[in-house]
Amino acid sequence: MTKIAFIFPGQGSQQVGMGAEFVQNNDESKAFYDKADEVLGFSLSKLMLEGPQEELTLTYNAQPALLTTGVMVASKLSQAGIVPDYTAGHSLGEYSALVASQSLSFEDAVQIVHKRGLFMEEAVPAGQGAMAAILSMDADALREVTDKVTSGGDLVQIANLNCPGQIVISGTKAGVDKACVEAKEAGAKRAIPLVVSGPFHSELMREAADKLGAELKEIEIVAPKVPVIGNVRADELVDVTTIQHELVEQVYSPVQWENSVRYMIEQGVTTFIECGPGKVLSGLVKKIDRSVKTYCVYDEASLNEVIESLKG
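As the structure is a computational prediction, the values presented were derived from the model and not from experiment.

Draft legend 1. Representation of the overall build of the protein. Of regular secondary structure, the protein possesses 14 helices and nine strands. Over its C-alpha trace the protein gives a radius of gyration of 19 Å, about what one expects of a compact globule, namely 20 Å for 312 residues. Each of the three principal axes of the protein carries a C-alpha extent, and together these read 55 × 45 × 35 Å. In the protein, buried positions account for 55% of the 312 residues. Counted over contacts in the protein with a minimum sequence separation of 6, partners at least 24 positions apart contribute 75%. As displayed, the protein has an accessible area near 12,900 Å², and 49% of this comes from carbon and sulfur atoms.

Here it is as structure tokens:
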């Protein structure tokens, strides 16, 4: 029997027109976009469908936009009889996974990720933080570099362990710049600065995490109906307390994406379906284990491909 995981992309995958074909052709799909507008009190859907890209990319817009599209796509799959055995999301995508697993309501999730984006934006003034992807360097060796730079007074740390050969670092701009130079001197193949609005998944996000923790206490969270694999520990989030702690900690902790995928494969998952725009996570999954199947669902054609492949 095929075991399936729904996986949900994080910030950076947003694009103008995301979900447009579904929304234009189906009232149930459009209802997700309408509900997001209603909850937030502004037309997020217009931004998603018409742009401009610069405004959609702002953290507090991109996060609810990606959640709305990802949850809508997961709903389309479920309506077609394709249901997950596991869910997981990269950073922000973890909220989409929790909605798909019926742990969070869609309405609460849209509201909380909008606030999460605002808190993150407020935590570090623009230009003071940075992130970079380090290619072809062992995590332990890179950690030695980031620890050395941090001990010198410029904070930088590992932020995302995405797949073999790809690790993202995050911190102060000075810390990231210095770590990039030292990583290349220590054998890294490349160090690529990322175009992001803040130093996500670093200690600089502690203030944002504290504010988010207070907001999470005000919404209803229940035990997931489908196992959700969390970013921080790469393990199942089985109860409400664990979920609350996870969502706070993941703001300033590394995303253990490679280990999360390996855990699901160990549990028998052979098929990963990326729900939403882009193909980033599918690419990472293939770099982790080429034997598994991956699909990306973002329009009618890609949805039909999955249905034909898995149900045909």
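Draft legend 2. Fine view of the sheet that holds strand β5 (residues 166-172). Spatial ordering of the open sheet is given by β4-β5-β3-β6, a layout of four strands whose pairing is antiparallel. Where the open sheet ends on each side, the last strands, each with one partner, are β4 (156-163) and β6 (190-193). Looking at each pair of strands side by side, their axes are set apart by 25 degrees on average, direction ignored. Each of β3 (129-135), β4 and β5 is contacted by helix α8 (residues 139-151), which is oriented at about 160 degrees to β4, the strand it contacts most. The strands touched by helix α13 (residues 280-288) within the sheet are β4 and β5, with β4 carrying the most contacts at an inclination of about 80 degrees.

Draft legend 3. Seen up close, helix α10 (residues 206-216). Taken as a whole, α10 has its buried residues at A208, A209, L212, G213 and L216. Take α10 and look down its axis: the buried residues cluster within an arc of 140 degrees, on one side only.

Draft legend 4. Local environment of the packing of helix α2 (residues 27-40) against helix α5 (residues 59-79). Where α2 meets α5, the closest approach of the two axes is 9 Å, and the angle between their N-to-C directions is 150 degrees. Between α2 and α5, the crossing angle belongs to the class labelled roughly antiparallel. Two packed elements cross with a definite hand, and for α2 against α5 that hand is right-handed. Together, E28, S29, F32, Y33, A36 and L40 of α2 and P64, T68, T69, V71, M72, S75, K76 and Q79 of α5 make up the contact between the two elements. Classifying every residue of the contact of α2 with α5 by side-chain character gives seven nonpolar, five polar and two charged.

Draft legend 5. Expanded view of the layout of surface pockets. There is about 820 Å³ of room inside the largest pocket. In terms of lining, the largest pocket is formed by 33 residues, of which the most central are G10, Q11, G12, L194 and V196. Contributions of two or more residues to the lining of the largest pocket are made by α4 (53-57), α7 (106-123), β3, β4, β5 and α13. In the lining of the largest pocket, the residues fall into 16 nonpolar, 14 polar and three charged. Contributing to the lining of the second largest pocket are F6, F32, V71, A74, S75, S78, V83, P84, V99, A100, Q102 and V226.

Draft legend 6. Expanded view of the environment of V232. Residue placement: V232 occurs in the loop between β7 (228-229) and α11 (240-249). Residue V232 is classed as buried on the basis of its relative accessible area, which comes to 16%. Remark: the alpha-carbon pair of V232 and H201, spanning 31 residues in sequence, is separated by 10 Å. Ignoring sequence-local partners within four residues, the contact set of V232 consists of E246, E249, Q250, S253, P254 and Q256.

Draft legend 7. Highlighting the pairing of β5. Counting buried positions over the seven residues of β5 gives seven, a clear majority of the element. Once β4 ends, the chain turns through two residues before running back antiparallel as β5, passing G165 with a positive phi of about 85 degrees.

The rules behind these values
- Per chain, residue numbering runs from 1 following the sequence as it is written.
- It should be noted that, the model being predicted, local features are given only for residues of pLDDT at least 70 and side-chain atom pairs only at 80 or more, the latter also being counted only at that level, while totals for whole chains, interfaces and linings use all residues.
- Side-chain numbers here rest on the full set of heavy atoms in the structure, without hydrogens or water.
- Runs of H or I in DSSP of at least four residues are treated as helices and runs of E of at least two as strands, each being numbered from the N terminus.
- For a compact globule the rule gives 2.2 Å times the number of residues to the power 0.38, and the radius of gyration it is set against comes from C-alpha atoms.
- Summary of the burial criterion: residues with accessible area below 20% of their type's maximum are buried, those above 50% are exposed, and those between are partly exposed, where the area comes from a 1.4 Å probe applied to protein chains only.
- By definition, residues are in contact when any of their heavy atoms lie within 4.5 Å.
- Areas reported as accessible are Shrake-Rupley estimates using a 1.4 Å probe. Residue values count occlusion only from the protein chains shown.
- What makes two strands pair is DSSP finding at least two bridges between them.
- Orientation is described by axes fitted as lines to C-alpha atoms, over the contacting stretch for helices, and by angles from 0 to 180 degrees between their N-to-C directions.
- Picture the helix axis, draw a direction to every C-beta atom, and the arc is the one those directions span.
- Every angle not falling under 35 degrees, over 145, or within 65 to 115 is termed oblique; those three ranges are roughly parallel, roughly antiparallel and roughly perpendicular.
- It is the rotation of the near helix from the far one that decides the hand of a crossing: anticlockwise by less than a right angle makes it left-handed, clockwise makes it right-handed.
- Only Asp, Glu, Lys and Arg are considered charged in this grouping, and only Ala, Val, Leu, Ile, Met, Phe, Trp, Tyr, Cys and Pro are considered nonpolar; every other residue, Gly among them, is considered polar.
- A cavity, in this analysis, means grid points on a 1 Å lattice covering only the protein atoms where a 1.4 Å probe fits yet has no way out; a pocket is instead an open set bounded by protein on both sides within 12 Å along at least five of seven lines, and a residue lines either one if it has an atom within 4 Å of a point.
- Grid points are joined across faces, edges and corners, and a volume is the space filled by probe spheres set on the points.

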